[in-house]
Amino acid sequence: MSVRTQSSEQPAETVHRAGFACFVGRPNAGKSTLTNALVGQKVAITSNRPQTTRHTVRGIVHRPDAQLILVDTPGLHKPRTLLGERLNDVVRTTWAEVDVIGFCLPADQKLGPGDRFIAKELAGIKKTPKVAVVTKTDLVDSKTLAEQLIAIDQLAKELGFEWAEIVPVSAVGDQQVELLADLLVPLLPEGPALYPEGDLTDEPEQVMVAELIREAALEGVRDELPHSIAVVVEEMLPREDRPAERPLLDIHANVYIERPSQKGIIIGPKGKRLKEVGIKSRKQIEALLGTPVFLDLHVKVAKDWQRDPKQLRKLGF
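Notes on the structure follow. (Residues numbered from 1 in each chain as written. Predicted model: local features only at pLDDT ≥ 70, side-chain atom pairs only at ≥ 80, totals over all residues. Heavy atoms only, no water.)

## Topic: the overall build of the protein chain
Working step 1: Across its full length, the protein chain holds nine helices and nine strands.
Working step 2: The proportion of buried residues among the 317 residues of the protein chain is 49%.
Working step 3: Sequence-distant contacts in the protein chain: of pairs separated by 6 or more residues, those separated by 24 or more amount to 73%.
Working step 4: For the protein chain, the exposed surface amounts to about 15,400 Å²; the carbon and sulfur share of it is 52%. (Helix = DSSP H or I, 4+ residues; strand = E, 2+ residues; numbered from the N terminus. Buried < 20%, exposed > 50% of the residue type's maximum accessible area, 1.4 Å probe, protein only. Contact = heavy atoms within 4.5 Å. Areas by Shrake-Rupley, 256 points an atom, 1.4 Å probe, with all protein chains shown as cover.)

Here you go:
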């Protein structure tokens with residue numbers, strides 16, 4: 001078993017490589033946080049609620065020797081709804097198209113049936129190199145980490161495949177994140193950059209804005225809501241009659257929930273909660289777009305949208 005730590009010597013290489021890597025793992029394994037840490041900026045929304053990621057966010061890491069395009073996938077899980085099944089299909093399609101797969105396994109949780117379920121699926125993908133990324137190492141002592149590394153090595157052996165690398169990282173503590181990039185790069189095909197220098201994601205701005213609003217709406221909401229929230233940006237238009245040096249972007253967005261009873265939870269007493277969601281997400285959106293924003297939010301009920309194919313399409317799934 002070769003576990004990589006920072007001191008490993010990297011061979012000098014002059015060729016340029018470019019390709020796609022995706023992080024998989026059960027919900028809340030630290031995939032989005034890791035994507036953001038590698039890119040060096042927020043491109044994926046993070047939340048301590050499972051099932052936050054629904055879109056494949058591509059973060060782009062530019063290096064002198066390589067361009068690493070990170071595809072973030074929803075957590076693979078046993079689906080209970082049509083939305084769940086569609087999310088799983090997204091994951092499997094993504095796996096088939098990338099150059100390397102990073103399987104995120106949190107250091108602070110013993111391997112469970114969910115991890116085994118994913119590892120089994122990975123064992124069936126023969127050609128693509130698989131890297132085990134042990135996340136959240138800042139939360140455990142060295143003995144627990146060592147036990148987890150051995151268990152992960154063992155898991156692959158049992159299923160008849162081998163990890164290309166096993167890398168412990170902490171995205172929050174910024175430990176070994178750079179090393180992970182160093183180890184993923186040699187697994188990419190040789191080739192020129194696929195995206196212009198400076199691009200950090202190819203996610204359309206409207207989708208990213210909707211995700212930032214959804215992230216703010218998820219914060220502090222009771223457990224029954226995370227799956228029930230969807231956000232659609234209806235329009236983003238520069239306000240007319242503004243002087244060039246004082247632009248303002250009008251954004252109109254709808255926050256969809258599944259039942260009328262959930263409306264009060266999102267809006268809060270006297271609209272306080274929705275106002276907080278607006279303030280919080282507006283700051284993030286302004287930072288993302290680099291322009292002042294007027295954000296107009298409305299809460300609407302889309303009855304049982306997770307189970308309704310027509311509504312799923314309308315909400316972008």
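## Thoughts on unusual backbone geometry
Working step 1: The backbone phi angle of Gln176 is positive, close to 65 degrees, even though this residue is not glycine.
Working step 2: Topologically, Gln176 is positioned in the loop between β6 (165–168) and α5 (177–184).
Working step 3: Of note in the backbone geometry, Asp241 takes a positive phi value of approximately 60 degrees without being a glycine.
Working step 4: Looking at the element boundaries, Asp241 is found in the loop between β7 (230–238) and β8 (249–257).
Working step 5: Owing to a relative accessible area of 78%, Asp241 belongs among the exposed residues under this scheme.

## A short note on the environment of Leu289
Working step 1: Secondary-structure assignment places Leu289 in helix α8 (residues 272–289).
Working step 2: On the basis of relative accessibility, which here comes to 19%, the residue Leu289 falls in the buried class.
Working step 3: Along the sequence, Leu289 and Glu205 sit 84 residues apart, while their C-alpha atoms lie 8.1 Å from each other.
Working step 4: For Leu289, the residues in contact, after removing those within four places along its chain, are Glu205, Val209, Met236, Leu249 and Ile251.

## So, the side chain of Asn254
Working step 1: Inspection of the secondary structure assignment puts Asn254 in strand β8.
Working step 2: For Asn254, a relative accessible area of 7% translates into the label buried.
Working step 3: Polar side-chain contacts of Asn254 include one of 3.1 Å to the side chain of Glu234.
Working step 4: Not counting residues up to four positions away in its chain, the partners in contact with Asn254 are Ala230, Val231, Val232, Glu234, His298 and Lys300. (Polar contact = N/O pair within 3.5 Å; in protein donor to acceptor, adjacent residues only side chain to side chain.)

## Re the sheet that holds β8
Working step 1: Strand order in this open sheet of three strands is β7-β8-β9, and the pairing throughout is mixed. The open sheet has two edge strands, β7 and β9 (293–301), and neither has a second partner. Ignoring which end each strand starts from, the neighbouring axes of this sheet average 15 degrees apart.
Working step 2: Pairing of β7 with β8 involves eight bridges; the strand directions are antiparallel. In the strand pairing of β8, Val231 is matched with Val255.
Working step 3: Helix α6 (residues 205–218) rests against β7, β8 and β9 of the sheet, and its axis sits at about 125 degrees to β7. (Pairing = 2+ DSSP bridges. Axes fitted to C-alpha atoms, helices over the stretch in contact; angles between N-to-C directions.)

## Considering the packing of aromatic side chains
What characterises a pair of aromatic rings is the spacing of the ring centres plus the angle enclosed by the ring planes.
Working step 1: Taken as a whole, this structure holds two aromatic pairs when the rule is applied.
Working step 2: Between Phe103 and Trp163, the ring centres sit 6.1 Å apart and the planes meet at 45 degrees, which makes this aromatic pair tilted. Residue Phe103 is located in strand β4 (residues 100–106), and its partner Trp163 is located in the loop between α4 (142–158) and β6; the two are separated by 60 residues in the primary sequence.
Working step 3: Taking the relative accessible area as the measure of exposure, Trp163 reaches 7% and is therefore buried.
Working step 4: In textbook terms, an aromatic cluster arises when at least three aromatic residues are bridged by ring pairs, as seen for Phe103, Phe161 and Trp163. (Phe/Tyr/Trp six-rings, centres within 6.5 Å; stacked < 30°, edge-to-face > 60°.)

## Details of α5
In an α-helix, one turn spans 3.6 residues; hence positions three or four apart end up facing the same way.
Working step 1: When you tally the buried positions in α5, you get six out of eight residues, the bulk of the element.
Working step 2: Within the sequence span of α5, burial applies to Val177, Leu179, Leu180, Ala181, Leu183 and Leu184.

## Structural notes on the packing of α6 against α8
Working step 1: Put simply, α6 and α8 touch, their axes get as near as 8 Å, and they point 145 degrees apart. As for the relative orientation of α6 and α8, their crossing is right-handed in sense. Of the residues in α8, those in contact with Glu205, Met208, Val209, Leu212, Ile213, Ala216 and Ala217 of α6 are Arg273, Val277, Lys280, Ser281, Gln284, Ile285, Leu288 and Leu289.
Working step 2: Grouping the amino acids of the contact of α6 with α8 by side-chain chemistry returns 10 nonpolar, two polar and three charged. (Left-handed = near helix turned anticlockwise from the far one by under 90°. Nonpolar A, V, L, I, M, F, W, Y, C, P; charged D, E, K, R; others polar.)

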